Amino acid sequence: MKMHTLIASVALAAAGTVHAAGEKHDHAHEHKPMHGGVVVEVKDMDYELVAKPTAIQLYLRDHGKAADVSKASAKVTLLTGTEKQEVELKPAGDKLEATGSFKVGPGTKAVAVVTVNGKPATARFTLK
């Protein structure tokens, strides 16, 4: 009887390990865009850039949850062909944002230097 208990315990432990590995795999899928933009991960933080001709928005997620951007800032450099445009993003609700006129489209490259709590991070994007 005790041997059956031991075997059952080992089987349950193994099943728990397989399940945990499955959960880890699911975590990788959390890097999908939630606002129709392009997502990159830098230092365990997800950055989602939404670039439209009239607005540039940057959403930050920390482990899947919206990060507090109230004291954050960002400088985005847009590279479209030979044209370069620099944009300052400021907090706007749950994102950093700038409005204006922007030359963006498929293939546009963007480099965002984001400062949160005095700590800078650089995220690189290619628009689709």
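Scroll up to find the structure this text is about.
What you see as residue numbers is a count from 1 along each chain, following the sequence as written. Owing to the predicted nature of the model, reporting of local features is limited to residues with pLDDT of at least 70; listing and counting of side-chain atom pairs is limited to 80 or more, with chain, interface and lining totals taken over all residues. Note that water and hydrogens are dropped before the side-chain values are worked out from all heavy atoms of the structure.

Asker: Lay out the pairing of strand β2 (residues 45-52) in plain terms, naming residues and giving numbers.
Answerer: Put simply, side chains in a regular strand alternate between the two faces of the sheet. Most of β2 is tucked away: six of the eight residues are buried. Looking at chain direction, strand β1 (residues 38-42) and β2 are connected through five bridges and run antiparallel. For V38, the partnering residue across the bridge sits in β2 and is L49. In textbook terms, the turn of a hairpin is the stretch between consecutive antiparallel strands, and for β1 and β2 this stretch comprises two residues, one of which, K43, has a positive phi near 50°. Each pair of strands is called paired provided DSSP finds at least two bridges between the two strands. Strands here mean DSSP runs of E at least two residues long; helices mean DSSP runs of H or I at least four residues long; both are numbered from the N terminus. Taking the residues that link successive antiparallel strands as the turn, the β2-strand β3 (residues 55-62) hairpin has two residues. Remark: exposure states derive from per-residue accessible area (1.4 Å probe, protein chains only) relative to the maximum for the residue type, with buried under 20%, exposed over 50%, and partly exposed in between.

Asker: So, the pairing of strand β8 (residues 109-116): which residues are in play, and what are the values?
Answerer: Because side chains alternate across β8, one face comprises the buried residues A110, A112, V114 and V116, and the other comprises K109, V111, V113 and T115, none of which is buried. Two elements, strand β5 (residues 73-80) and β8, share seven bridges in a ladder whose sense is antiparallel. Its bridge partner being in β8, V76 is matched across the sheet by A112. As defined by bridge partners, β8 adjoins strand β9 (residues 119-126) across eight bridges and the pair is classed as antiparallel. Looking across to β9, one finds that T115 is bridged to P120. Once β8 ends, the chain turns through two residues before running back antiparallel as β9, passing N117 with a positive phi of about 55°.

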